Amino acid sequence: MSEWPHDTWSQPATTPGLRLVPDLPRPVGDRFLAPESALDQEMVVRRRVPVTHDVVTFVLEPTIPGTLSFLPGQFVTLVVDVDGSSVERCYTISSPPTRPHLLTITVKRIKGGALSPHLHDRLSPGDRVGVRGPCGDFSIAAHPANRYLLLSAGSGITPSLSTVRAMADLAELDDVVVVHSARTPADLACGNELDALATTHPGLRVVWVCENDSPASVPWTGQRGRLDARLLASQVPDIAEREVFTCGPPGYMAATRQVLAELHVDSGRCHEESFTIGDRGGPTPDLAVLLTEVVEPTEEAAPTVTFGRSGRSVACPLGMTVLEAATSAGVPLPSSCGGGLCGTCKSGLLAGRVAMFHQGGIRPREIAAGKFLPCCSTPDGDIVVDA
Ligand SMILES: Cc1cc2nc3c(=O)[nH]c(=O)nc-3n(C[C@H](O)[C@H](O)[C@H](O)COP(=O)(O)OP(=O)(O)OC[C@H]3O[C@@H](n4cnc5c(N)ncnc54)[C@H](O)[C@@H]3O)c2cc1C
Ligand code: FES
């Protein structure tokens, strides 16, 4: 049963819909994007919850009440001061939109990383962080179906957590299979919670796949090895009838793409989110070309990128993005994903045109208003950027 008004929501009446709290974003065109600035604010860390030896969940509370509006599977950009520098990284919201008072992110420590070790070692209850978003359309809400298969590995389990929790809260966990791959049983994030949900919800099946035993622990008796076609076909015999969501590290994403193709799963039913930019398979991104007042390019030379407010200019050779040009000109622009996804680097294009290969981080009306994403844009002739 869906509470979505059918004039704005095109799911068939027979499809179980995800009912969400009031005033959640409605479909905009053929994409689902939250209202602009829905979460753009500081949030207060309320709790830290250790999840595994290298994963911690941070429970965040908005400072502006009533502003938590997102879809399961969406992510936010965290903006944190690390030793005087502002660092921005994307994190999927691991809590469900059905619990609209607090938001959680579940962060794996990346050794030598700029932000995740800082969050693990220094972010404490009472601290404040900047949160922007939500972004992304890796959401069951954008792909209504009767049966789902949620595939993940490592920290890629976070969209599945939000999704399963939301569906359980709404009594819509009717036919979902979660298949999660981890190195060892000690790396299974929220394993007990998902197992408990599967016990009380016959419509949820959870399959854990571990490569190795945990050191100094009893041998793993569940599925062992890496995800392959044999394992997946035996665990999910009706895979071709499911809407499939995959999230994990680059190697896993590539292998899973191949496995799904081997099992003849319709690629139109397969949706991916990678936490590593540059690893996104699937359809070729849209080419968006911005047209503004054209500045005549200087003869044969590499295009020049001029930063209007700082007054600096730099040559931008073939293949260099506007974001890289900005860095080389000493005009640091905020950035996070580096792949046209999160919208962090959004800037104004004052003159000239760019070729922009984005992945949903900018909306058509923003492009129409002269905005672009420098991280995934190359200049087509000389340009002037509002920075
Ligand atoms: C849409 C999106 C959602 C995300 N959601 C989550 C989430 O829910 N939980 C989570 O823990 N992370 C998530 N990430 C990854 C997160 O944004 C950061 O990339 C990650 O925390 C590392 O940041 P860092 O500053 O510590 O490391 P960085 O300083 O950015 O990187 C340090 C080194 O680690 C490598 N690296 C970066 N990320 C990874 C990774 N995930 N695995 C292995 N090596 C890596 C980099 O290539 C680099 O060599 C998400 C990323 C995206 C784009
Ligand atoms: S840095 Fe994410 S869209 Fe540019």
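Please read all numbers here as calculations on a predicted model, not as lab measurements.

Structural notes on the overall build of the protein chain
- Scanning the protein chain for helices and strands turns up seven helices and 20 strands.
- Out of the 387 residues belonging to the protein chain, those deemed buried represent 41%.
- Sequence-distant contacts, at least 24 apart, represent 69% of the contacts inside the protein chain between residues at least 6 apart.

Some words on the confidence of the model for the protein chain
- Looking at the protein chain as a whole, its pLDDT mean stands at 84, while 84% of the residues score no less than 70.
- Per-residue pLDDT stays below 50 along residues 21-37; that stretch engages in 30 contacts with residues further than four places along the chain or on separate chains.
- Scored below 50 in pLDDT, residues 278-288 shows 20 contacts in the model against residues more than four places distant or in partner chains.

Focus: the site of ligand 1
- Close to ligand 1 lie 21 residues; Gly113, Ala114, Leu115, Ser116 and Thr158 are nearest.
- Ranked by residue count, the leading element in the shell around ligand 1 is strand 4 (residues 85-92), at four residues.
- Of the residues contributing to the shell around ligand 1, the split by class is eleven nonpolar, eight polar and two charged.

Some words on the nonpolar core
- Leu149, Val164, Val176, Val178 and Val179 are the most contacted members of the largest nonpolar core, which has 66 residues in total.
- Apart from the residues lying within four places of it in its own chain, the contact partners of leucine 149 are Val177, Val179, Val236, Ile239, Arg242 and Val244.
- The next biggest cluster of nonpolar side chains, apart from the first, holds 20 residues, and it includes Val322, Val354, Phe372 and Cys376.

Comments concerning helix 5 (residues 250-262)
- Its 13 residues place the ends of helix 5 19 Å apart at the C-alpha level, agreeing with the 18 Å of an ideal helix rising 1.5 Å per residue.
- Taken together, the buried positions of helix 5 are Tyr252, Met253, Thr256, Val259 and Leu260. Taken down its axis, helix 5 places every buried residue within 125 degrees of arc, on the same side. Looking at helix 5, the residues exposed on the side facing more than 90 degrees away from the buried face are Gly251 and Ala261.
- A positive phi of about 60 degrees marks histidine 264, the residue just after helix 5.

A short note on the sheet that holds strand 10 (residues 223-224)
- The parallel open sheet is built from six strands, whose spatial order is 10-9-8-7-11-12. Among the strands making up the open sheet, the edge pair consists of strand 10 and strand 12 (270-274).
- Summarising the sheet, strand 11 (residues 243-248) and strand 12 pair through five bridges and their orientation is parallel. In the strand pairing of strand 12, cysteine 247 is matched with glutamate 273.
- Here helix 2 (residues 158-169) sits on the sheet in contact with strand 7 (148-153), strand 8 (176-182), strand 9 (204-210), strand 11 and strand 12, set at roughly 155 degrees to strand 8.
- Where helix 5 meets the sheet, its contacts fall on strand 7, strand 8, strand 11 and strand 12, and the angle it forms with strand 11 comes to roughly 155 degrees.

Side note on the environment of arginine 89
- When you line up the elements, arginine 89 lands in strand 4.
- We classify arginine 89 as buried; it has 23 C-beta atoms within 10 Å.
- Put simply, arginine 89 and serine 336 are 247 residues apart on the chain and 5.1 Å apart in space, counted from C-alpha to C-alpha.

Details of the sheet that holds strand 3 (residues 75-82)
- Strand order in the open sheet made by the six strands is 4-3-6-1-2-5, with antiparallel pairing throughout. Only two strands of the sheet have a single partner each, and these edge strands are strand 4 and strand 5 (103-108). Averaged over all adjacent pairs, the angle separating strand axes in this sheet is 40 degrees, with direction ignored.
- Pairing analysis gives eight bridges linking strand 3 to strand 4, with the strands arranged antiparallel. In the strand pairing of strand 4, valine 76 is matched with tyrosine 91.

Observations regarding the pairing of strand 3
- Counted between consecutive antiparallel strands, the loop separating strand 3 from strand 4 contains two residues, among which aspartate 83 sits at a positive phi close to 50 degrees.
- As paired elements, strand 3 and strand 6 (residues 128-135) share four bridges and run antiparallel to each other. Looking at the pairing, threonine 77 lines up with arginine 132 of strand 6.

Things to note about unusual backbone geometry
- Cis geometry marks the peptide bond from glycine 133 to proline 134, where omega comes out at 0 degrees.
- For proline 134, the location among the structural elements is in strand 6.
- Although it is not a glycine, alanine 171 adopts a positive phi angle of roughly 55 degrees.
- When you line up the elements, alanine 171 lands in the loop between helix 2 and strand 8.
- Alanine 171 gets classed as exposed once you count the C-beta atoms within 10 Å, which come to 12.
- Its identity is not glycine, yet histidine 264 carries a phi of approximately 60 degrees, on the positive side.

Side note on helix 2
- When the terminal C-alpha atoms of helix 2 are compared, their 17 Å separation across twelve residues agrees well with the 16 Å that a helix rising 1.5 Å per residue should span.
- Burial analysis of helix 2 places eleven of its twelve residues in the buried class, the great majority of the element.
- Within the span of helix 2, buried status applies to Thr158, Pro159, Ser160, Leu161, Ser162, Thr163, Val164, Arg165, Ala166, Met167 and Ala168.

Rules used in this analysis
Residues numbered from 1 in each chain as written. Chains lettered and ligands numbered in written order. Predicted model: local features only at pLDDT ≥ 70, side-chain atom pairs only at ≥ 80, totals over all residues. Helix = DSSP H or I, 4+ residues; strand = E, 2+ residues; numbered from the N terminus. Buried ≥ 20, exposed ≤ 12 C-beta atoms within 10 Å, placed from the backbone. Contact = placed C-beta atoms within 7 Å. pLDDT = per-residue confidence, 0-100. Near = placed C-beta within 6 Å. Nonpolar A, V, L, I, M, F, W, Y, C, P; charged D, E, K, R; others polar. Core = buried A, V, L, I, M, F, W, Y, C linked by C-beta atoms within 7 Å. Expected span 1.5 Å × (residues − 1). Arc of directions from axis to C-beta. Pairing = 2+ DSSP bridges. Axes fitted to C-alpha atoms, helices over the stretch in contact; angles between N-to-C directions.

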